[in-house]
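Below, each chain spelled out in residue letters.
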Amino acid sequence: MLSHKTIISTLLSILLFLPVFAQADNLMPTVPKAKAKANPETLCVRDVKVMRTNHMEFLMHQRDETMRKGIRTKKDSLAECITCHVSKDDEGKFASYGDDEHFCSSCHNYAAVKIDCFDCHNDKPTAASKTGSTVK
Amino acid sequence: MTQPVNTNETKTDLYRRQFLGKTAAAAGFALAPGMLLTEIAHAKPADEAVSTKNRWGLLINTNKCASGCTACVTACQVENGWGEINKSEELSRASQKAVWIRKVKLKDKQTGHVQSLPLLCQHCEKPPCVDVCPTGASFKREDGIVLVDKHICIGCRYCMMACPYKARSFIHETIKNQKVHAPRGKGTVESCTMCAHRVDNDGIPACVEACNAEGHQAMYFGDLKDSNSVISKELAKNGGQQLRADLDLNTGVRYQGIK
Ligand code: SF4
Ligand code: SF4
């Protein structure tokens, strides 16, 4: 049985939060712009809409290809995403994953999607390895 | 201690992909096959998977390895962002911190003879770490490089217990500023990757490069399946022993000069 108190407080909280819900449509995340357009037509490496909905599938596929088979193509490489999408702020510093200014978290914070990519991967662009001389 | 390496296929069916194919395995000596392999190491296109055509290995000459020199260790740290290079493991005790490659001093108590050698993951053909891993995170690539897939590793550390060479480390703390090609993170196990990111790019491991740069030339890297590679020729001519050869792991890292 619900007590009167519970019902009243539930109603009250709904009323309190209603304006926020009503505004939600206008509160889209501000996603930082990429440094370059990978492809003039699709803008990103694929159509932006496809990337928004399916980037995790591409990344997961590439993850296994690289880890298990040593396939190091750039198209779906996480490092390439980071290089192009994580930009510097006014002070010349890269945002960290978790900040609203970081490309990935700008949207993930909004959508409340928790990922663990950056527990191991660097969340900022870094200089790539100098490859050694030719195999002996 | 130099005993021939048997590729005993009946012993284990764990390795679905045979090391050299039936003919070479029947020939018995796994390190100097050549007969099946006509293709010589060349730059692998980025979209091509690694294959059993190659087996990458290292040959370390302890006579050339200078005691007190740690160029290989430092180079590995710089390349892969561990140890002194990455200060993230500040709370871990020295014994808990990651070590991918270490310099070991061997002293014969009888004679007093001292020698020094780098010890790292031996990239076993039959890796005990892979045998015991409950998740499939520890695995051997087709080209013989043994890795940890940290996406899958649950940090149980069975592999660390199973490895006879103390080659693996567990990460106890949040890691920051990783190298882009060497992701590292809390709760997972890691070890030498034989610089797979360089090898896939036709490069050589950072340790070997550093040893050469120091002028010691104590390490060779190359394809053990290519009979024309420097490493294969050197092994065929002068041999190279496995550490703990009695375990029959057919290690990809071989040593010369251990007395
Ligand atoms: S040396 Fe240890 S970590 Fe490396 S492959 Fe062998 S058992 Fe695994
Ligand atoms: S710590 Fe990770 S790699 Fe090692 S055995 Fe456990 S799951 Fe496998």
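Since we're looking at a predicted model, the values are computed, not measured. (Residues numbered from 1 in each chain as written. Chains lettered and ligands numbered in written order. Predicted model: local features only at pLDDT ≥ 70, side-chain atom pairs only at ≥ 80, totals over all residues. Heavy atoms only, no water.)

What about the confidence of the model for chain A?
Residues and elements named next belong to chain A. Per-residue pLDDT for chain A averages 81, and the proportion of residues at 70 or more is 74%. Confidence drops under pLDDT 50 across residues 19-23; counting only partners more than four residues distant or on other chains, this segment forms 0 contacts. Taken together, the stretch residues 129-136 has pLDDT below 50 and engages in 31 contacts with residues farther than four places along the chain or on a different chain. (pLDDT = per-residue confidence, 0-100. Contact = heavy atoms within 4.5 Å.)

Quick word on the state of the cysteines
On inspection of all chains with the given rule, the structure shows 0 disulfides over all chains. The thiol sulfur of Cys65(B) is not disulfide-bonded, and the nearest other cysteine sulfur, from Cys72(B), lies at 6.4 Å. (Disulfide = S-S within 2.5 Å.)

Comments concerning the side chain of Thr188(B)
All names here are of chain B. As for its position among the elements, Thr188 is in the loop between strand E6 (169-170) and strand E7 (189-190). With relative accessibility at 5%, the residue Thr188 sits in the buried group. Within polar-contact distance, the side chain of Thr188 engages the backbone oxygen of Gly185 at 2.7 Å. Setting aside anything within four residues of it in sequence, one finds Thr188 in contact with Lys150, Cys153, Ser169, Phe170 and Ile171. (Helix = DSSP H or I, 4+ residues; strand = E, 2+ residues; numbered from the N terminus. Buried < 20%, exposed > 50% of the residue type's maximum accessible area, 1.4 Å probe, protein only. Polar contact = N/O pair within 3.5 Å; in protein donor to acceptor, adjacent residues only side chain to side chain.)

Remarks on the site of ligand 2
Surveying the vicinity of ligand 2 reveals 14 residues, the closest of which are Cys133(B), Cys153(B), Cys156(B), Arg157(B) and Cys159(B). Residues of the shell around ligand 2, tallied by class, amount to 10 nonpolar, 3 polar and 1 charged. (Near = heavy atom within 4 Å. Nonpolar A, V, L, I, M, F, W, Y, C, P; charged D, E, K, R; others polar.)

So, the interface of chain B and chain A
Across the contact, 41 residues belong to chain B and 25 residues belong to chain A. Here chain B packs against chain A, burying approximately 2800 Å² in sum over the two surfaces, 54% of which is carbon and sulfur. One can count 2 salt bridges joining chain B with chain A. With its nearest N and O atoms 3.0 Å apart, the salt bridge here joins Arg68(A) to Asp149(B). Our count for the contact surface shared by chain B and chain A stands at 9 residue pairs in polar contact (both at pLDDT 80 or more). Listed by contribution, the elements that provide at least two residues to the side of chain B that touches chain A are strand E5 (146-148), helix H5 (196-199), helix H6 (206-213) and strand E8 (219-223) of chain B. By residue number, the principal contributor to the side of chain B that touches chain A is H5(B), which donates 3 residues. (Buried area = accessible area lost by both parts, 1.4 Å probe. Salt bridge = Lys/Arg side-chain N within 4 Å of Asp/Glu carboxyl O.)

Section: the sheet that holds E8(B)
Strand pairing in a sheet is mediated by backbone hydrogen bonds. Such pairs are either parallel or antiparallel. Residue and element names in this part refer to chain B. Read from one edge of the open sheet, 3 strands run E8-E1-E9, paired in mixed fashion. In the strand order of this sheet, the two ends are held by E8 and strand E9 (253-256), each with one partner. Strand-to-strand twist of the sheet, defined as the mean angle between neighbouring strand axes without regard to direction, takes the value 20°. (Pairing = 2+ DSSP bridges. Axes fitted to C-alpha atoms, helices over the stretch in contact; angles between N-to-C directions.)

Focus: the pairing of strand E3 (residues 114-120) of chain B
Residues and elements named next belong to chain B. Most of E3 is tucked away, with 6 of its 7 residues classed as buried. In terms of strand pairing, strand E2 (residues 101-107) meets E3 through 7 bridges, oriented antiparallel. Paired with Arg102 across the bridge in E3 is Leu119. Where E2 folds back onto E3 in an antiparallel hairpin, the turn is made up of 6 residues, including Gly112, whose phi is positive at roughly 80°.

Concerning the nonpolar core
All names here are of chain B. Ile101, Leu120, Met194, Met219, Phe221 and Tyr255 are the most contacted members of the largest nonpolar core, which totals 41 residues. Elements that contribute at least two residues to this core include exactly strand E1 (56-61), helix H2 (71-80), E3, H5, H6, E8 and E9. Setting aside anything within four residues of it in sequence, one finds Leu120 in contact with Leu58, Ile60, Trp100, Ile101, Ala167, Cys192, Val253 and Tyr255. Of all hydrophobic cores here, the second largest spans 9 residues; its members include Cys129, Ala137, Val148 and Cys159. (Core = buried A, V, L, I, M, F, W, Y, C linked by side-chain atoms within 4.5 Å.)

Considering the confidence of the model for chain B
All names here are of chain B. Per-residue confidence for chain B gives a mean pLDDT of 87; residues scoring 70 or more make up 84%. Counting contacts from residues 1-41, a segment whose pLDDT is below 50, to residues more than four positions away or on other chains yields 66 contacts. Among the prediction metrics, the complex's ipTM stands at 0.79, with pTM recorded as 0.80.

Brief notes about a negative patch on the surface
Negative charge collects at one region of the surface, where Asp89(A), Asp90(A), Glu91(A), Asp99(A), Asp100(A) and Glu101(A) lie side by side. Here Asp99(A) lies in the loop between helix H3 (78-85) and helix H4 (103-111). (Patch = residues over 30% accessible without salt bridge, like charges linked within 9 Å, V, L, I, M, F, W, Y side chains within 5 Å. Areas by Shrake-Rupley, 256 points an atom, 1.4 Å probe, with all protein chains shown as cover. Lys, Arg positive; Asp, Glu negative; His and termini not counted. Charge placed at Lys NZ, Arg CZ, Asp CG, Glu CD.)

Points about the pattern of salt bridges
Tallied over the entire structure, the rule returns 16 salt bridges over all chains. When the shortest N-O distance is used, the salt bridge between Arg184(B) and Glu89(B) registers 3.5 Å. On the criterion of sequence distance, the pair formed by Arg184(B) in the loop between E6 and E7 and Glu89(B) in the loop between H2 and E2 is long-range, its members being 95 residues apart. Of the charged contacts in the structure, one is a salt bridge between Glu190(B) and Arg184(B), with a shortest N-O distance of 2.8 Å. Taken individually, Glu190(B) and Arg184(B) each receive the classification buried, so the pair is uniform in this respect. Look at the salt bridges and you will find they share partners, linking Arg72(A), Arg141(B), Asp143(B) and Asp200(B) into a network.

Looking at the packing of aromatic side chains
For the coordinates displayed, the defined rule picks out 3 aromatic pairs over all chains. Ring plane angle 35° and centroid distance 5.0 Å describe the contact between Tyr97(A) and Phe118(A), whose orientation is recorded as tilted. With a gap of 21 residues between them, Tyr97(A) in the loop between H3 and H4 and Phe118(A) in helix H5 (residues 117-120) connect regions that are remote in the sequence. Looking at Tyr97(A), the relative accessible area reads 22%, which means it is partly exposed. The ring of Phe170(B) carries Arg157(B) above its face, with NZ or CZ at 3.7 Å from the centroid. (Phe/Tyr/Trp six-rings, centres within 6.5 Å; stacked < 30°, edge-to-face > 60°. Lys NZ or Arg CZ within 6 Å of the ring centre and 35° of its normal.)

Examining H3(A)
Within H3(A) the residues assigned to the buried category are Leu78(A), Ile82(A) and His85(A). Around the axis of H3(A), the buried residues are gathered within 90° of arc, so they sit on the same side. (Arc of directions from axis to C-beta.)

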